[in-house]
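So you can see what is in the structure, the chains are spelled out below.
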Amino acid sequence: MKNRVDAIRVLVVDDEQNIRDGFERILTRIGCQVLKASRGDKALEILEKEGAAIVLLDLKMPGMDGMEVLVRIRKLDESILVIVVTGYATVETATEAMKLGAYDFISKRFEPDQLRIVINRAWEKIRLTQQAERLEEKKRRTLSDLDTENSRLHTIMEYLPNGVVVTNARGQVVLMNPAFRQLLDLDSGLKPGGPIEDYVPDKDICNLVMEISQGKHVFYDDIPDYEFAPSDEKYLLAKGQPVLGERKECLGAVINVVDISAMKVLDQLKSEFVVKVSHELRSPLSTIHEQLALVIRDMVGEVSEYDQHILVRAREKTKGLISLIGDLLDLSRIEEGLICHEPKPVQIEEVLKNIVDFLKTRAEGKGQTLTLALPRGPLPKLTADPLALESIFGNLITNAINYTQDGGKIKIKVDMAGINVRVKVTDNGFGIEDRYLDKIFERFYRVKDEKTRYITGTGLGLPIVKGLVDSMGGLIDIESTPGKGTVFTILFPTEV
Ligand code: ADP
């Protein structure tokens, strides 16, 4: 019990010294800090200066009447609990004091236990009041935090330069920001609530948003970015993500839309520039290449071995440059969709036989075996540009030869995988580390390590292969183990 009233400050107001001392003794024993006043005006002074949580107030004192003091204390601080002490504890005086705001009363002829009970009750009341105040304060803070959080989110959404639209699990728009309206040229009065098709004019992206909203793409990585053009000169890029609830259930989708028109224009200018420069360089370089061949032929025996070596190196370098230019032009044509324009039915076995025959000499020059495994019966014809197929397999098999040690094995295998024709180009060469597997399809990317450092190349072969396979609606995949070899798998959809 002692602990509960620890350090609580009690002011005893009584004109009789022995009563004041009696109160002090008992209160100190139960752990209260005691202040004393013999008159009402002094009591008020102490309260103003030092304060107290409880006042034990004698109602009968000379000078200011106890009731008057009570009223003044209440005015000073309503939270002070006043317990009136009366020599003649009549019901009327007690009721009157209570009406004026006294908390409790006790007779002057109290038993120590009675005082303890009254003080404990008062202390309990103070504690509960403080607790309630703390809870109220906490509630106020939480509410104001929520308010601030909401308005912060609202402001971020409003002023975000990217367009943002949020849908529910049924693909209905629940939220969109001004940037989204502006990017899609939507009427400023158009409200959320309708299906996504009412806001986005592109059918494919609407289907994607619908799929994401319905939880068909739970892994963030498998959601493709989507480019679309709502008007002739505007290109937008949309990235979608599912919105997941606490139990990982899909609640809808959030789509971020960015304007990439400027990037598209830049890309176009860059491509035009590359094509122009490549064309300009091609003929003079071819001439130099031919002339170097003549010089080397005519000078045999007439110049030193060293000079001849330099001329041969120069010729090799011009050949490398011509091949780079060829690759750049191919890539530009693929990117502009100019290749595969007139596809025709092709028997892929024939194309592969020709390429393998052509490259066999090169493989044998390195002591490698190059084999082609065909299925027993004929394969369905592919609708494709034969030149594109030649470019795809020419690049893949040349790479296999280049990035495999002397004496290695290269195998091309063709079969059916469902309705697709599947071609596997396998080598037991240097292999590629996992971390480079995505990068090698980027333009100009070449893995440079001890084994590949001295192999010449442009870093454009695989981007060309990927561009061509994509343009035919096919798929390319790679598996590789450093030191063991690489397998490129290509799937082409058949005519069916
Ligand atoms: P290039 O062969 O002209 O360097 P590519 O785009 O054809 O350019 O290939 C990019 C890189 O991928 C190569 O530099 C090489 O490091 C790696 N690579 C391609 N094919 C293979 C392969 N079969 N085995 C090992 N590495 C390969």
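This structure is a prediction, so every number in the text was calculated from the model and none was measured.

**A short note on the confidence of the model for the protein**
(1) Moving on: Taken as a whole, the protein shows an average pLDDT of 89; of its residues, 96% reach a score of 70 or greater.
(2) Moving on: Low confidence marks residues 1-5, where pLDDT is under 50. Its contacts with residues over four positions away, or in another chain, come to 13 contacts.

**As for the side chain of Thr486**
(1) Moving on: With respect to the secondary-structure elements, Thr486 resides in strand E17 (residues 485-493).
(2) Moving on: Leave out the neighbours within four places in its chain, and Thr486 touches Val425, Thr426, Asp427, Gly431, Ile432, Ile478, Glu479 and Ser480.

**Describing a nonpolar patch on the surface**
(1) Moving on: On the surface, Val265, Leu266 and Leu269 cluster together into a nonpolar patch covering about 300 Å² of accessible area.
(2) Moving on: Mapped onto the elements, Val265 comes out in helix H8 (residues 261-299).

**A word on the packing of helix H11 (residues 386-402) against helix H12 (residues 461-471)**
Angle between the axes and distance between the axes: these two values describe a pair of packed helices.
(1) Moving on: Contact geometry of H11 with H12 gives a least axis separation of 9 Å together with a crossing angle of 145°. Viewed along their axes, H11 and H12 form a crossing whose handedness is left-handed. Side by side, H11 and H12 meet where Ala388, Ser391, Ile392, Asn395, Leu396 and Asn399 of the first sit next to Gly461, Leu462, Ile464, Val465, Leu468 and Val469 of the second.
(2) Moving on: Class assignment for the residues of the contact of H11 with H12 results in eight nonpolar, four polar and no charged.

**Looking at the pairing of strand E9 (residues 234-244)**
(1) Moving on: Where strand E8 (residues 226-231) meets E9, four bridges bridge the pair, whose relative direction is antiparallel. Pairing of Glu227 across the sheet is with Leu237, part of E9.
(2) Moving on: The turn joining E8 and E9, which pair antiparallel and follow one another in sequence, is formed by two residues.
(3) Moving on: Counted between consecutive antiparallel strands, the loop separating E9 from strand E10 (residues 250-259) contains five residues, among which Lys248 sits at a positive phi close to 65°.

**Examining the site of the ligand**
(1) Moving on: Taken together, 19 residues sit near the ligand, with Asn399, Tyr403, Arg446, Thr458 and Leu462 positioned nearest.
(2) Moving on: A distance of 2.5 Å is found between an oxygen atom of the ligand and a side-chain nitrogen or oxygen belonging to Arg446.
(3) Moving on: Between Gly459 and the ligand, the recorded distance is 3.0 Å, taken from a backbone N or O atom to an oxygen atom.
(4) Moving on: Against a free-state accessible area of 530 Å², the protein chains account for coverage of 96% of the ligand.
(5) Moving on: Broken down by secondary-structure element, the contributors of at least two residues to the shell around the ligand are H11, H12 and E17.

Rules used throughout
- Residues numbered from 1 in each chain as written.
- Predicted model: local features only at pLDDT ≥ 70, side-chain atom pairs only at ≥ 80, totals over all residues.
- Heavy atoms only, no water.
- pLDDT = per-residue confidence, 0-100.
- Contact = heavy atoms within 4.5 Å.
- Helix = DSSP H or I, 4+ residues; strand = E, 2+ residues; numbered from the N terminus.
- Patch = residues over 30% accessible without salt bridge, like charges linked within 9 Å, V, L, I, M, F, W, Y side chains within 5 Å.
- Areas by Shrake-Rupley, 256 points an atom, 1.4 Å probe, with all protein chains shown as cover.
- Salt bridge = Lys/Arg side-chain N within 4 Å of Asp/Glu carboxyl O.
- Axes fitted to C-alpha atoms, helices over the stretch in contact; angles between N-to-C directions.
- Left-handed = near helix turned anticlockwise from the far one by under 90°.
- Nonpolar A, V, L, I, M, F, W, Y, C, P; charged D, E, K, R; others polar.
- Pairing = 2+ DSSP bridges.
- Near = heavy atom within 4 Å.
- Polar contact = N/O pair within 3.5 Å; in protein donor to acceptor, adjacent residues only side chain to side chain.

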